[in-house]
Amino acid sequence: NLLEYVVCYTAPGEWLNYTRSFTPAFYTAYLRYASLGTTSNELHLVTSDPTQTNQTTVKLGNFSLANNIMRNNYLYTPLLNDTGVQPLLNLVNTNTLRLLMAGTPGNDSRKTMLNYLMFVQAPIYVFSSDTVNGTYTPEGSAVVNVAARLVTVPVSGDTRFYRIHSNVPVWIKGISVSGGTVTLRL
């Protein structure tokens, strides 16, 4: 027999903290749940000491929980940011994450059964070409620094074009060249 844990009888404003050690990587997050009505939950990163009261947090995104009509009919829902895109979570070493029950007080009480949070590594791949419309090949010398959200690549030729690929959207927010190294800020 498998023993399964479920959090139920929750109400908007209640929260649960989860502390775990992560292998340095970018992650996407999913919530396994069952629901008797539509509602939502939020995922936050605890930015202060998680052992103290009055913790400060930063919102990472929302889990939209659809009505799946049964309390034992589990679904997965992805974490989405405020623009509806799956964010890359930069999780390194020990982190405390908070699942906050959102929704309307009274109306969204006791609707859901929460089973677990799942974090899936989202590797970053770098491809490059010497022309913008050329053939892009894997950039084997690229180094991804998850903690700093940087990709470094040795300069190769006079002109080089880069593409970043992951299983979720990734944007290059800045580019710099210094000392024979191209740095891409994610």
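Residues numbered from 1 in each chain as written. Predicted model: local features only at pLDDT ≥ 70, side-chain atom pairs only at ≥ 80, totals over all residues. Heavy atoms only, no water.

Caption draft 1: Region of the structure containing the side chain of His-44. For His-44, the location among the structural elements is in strand β3 (residues 39–46). According to the relative accessible area criterion, His-44 is buried, its value standing at 10%. Of note is the side chain of His-44, whose polar atom sits 3.2 Å from the side chain of Thr-57. Beyond its immediate chain neighbours, meaning those up to four positions away, His-44 contacts Thr-57, Val-58, Lys-59, Leu-60, Thr-96, Leu-97, Arg-98 and Leu-100. (Helix = DSSP H or I, 4+ residues; strand = E, 2+ residues; numbered from the N terminus. Buried < 20%, exposed > 50% of the residue type's maximum accessible area, 1.4 Å probe, protein only. Polar contact = N/O pair within 3.5 Å; in protein donor to acceptor, adjacent residues only side chain to side chain. Contact = heavy atoms within 4.5 Å.)

Caption draft 2: Structural context of the pattern of salt bridges. One pass over the structure, following the stated rule, counts three salt bridges. For Lys-59, the salt bridge identified is with Glu-42, shortest N-O distance 3.8 Å. One end of the pair, Lys-59, is in strand β4 (residues 57–65); the other, Glu-42, is in strand β3, and 17 residues separate them in sequence. In this structure, Lys-111 and Asp-108 form a salt bridge, with 2.6 Å as the shortest nitrogen-oxygen distance. When salt bridges with common partners are traced through the structure, they connect Glu-42, Lys-59 and Asp-82 into a single cluster. (Salt bridge = Lys/Arg side-chain N within 4 Å of Asp/Glu carboxyl O.)

Caption draft 3: A look at the pairing of strand β12 (residues 161–165). Burial along β12 is one-sided: Tyr-162 and Ile-164 are buried, and none of Phe-161, Arg-163 and His-165, which face the opposite way, are. Where strand β8 (residues 125–129) meets β12, five bridges bridge the pair, whose relative direction is antiparallel. The partner of Tyr-125 across the bridge, within β12, is His-165. (Pairing = 2+ DSSP bridges.)

Caption draft 4: Looking closely at the sheet that holds strand β14 (residues 181–185). Judged by pairing direction, the sheet is antiparallel, and its four strands sit side by side in the order β10-β11-β14-β13 without closing on themselves. Each edge of the open sheet carries a strand with a single partner, namely β10 (143–145) and β13 (174–178). For this sheet the average axis-to-axis angle between neighbouring strands, irrespective of direction, equals 20°. By the bridge criterion, three bridges tie β10 to strand β11 (residues 150–154) in an arrangement that is antiparallel. Residue pairing for β11: Val-143 is matched across the bridge by Thr-152. (Axes fitted to C-alpha atoms, helices over the stretch in contact; angles between N-to-C directions.)

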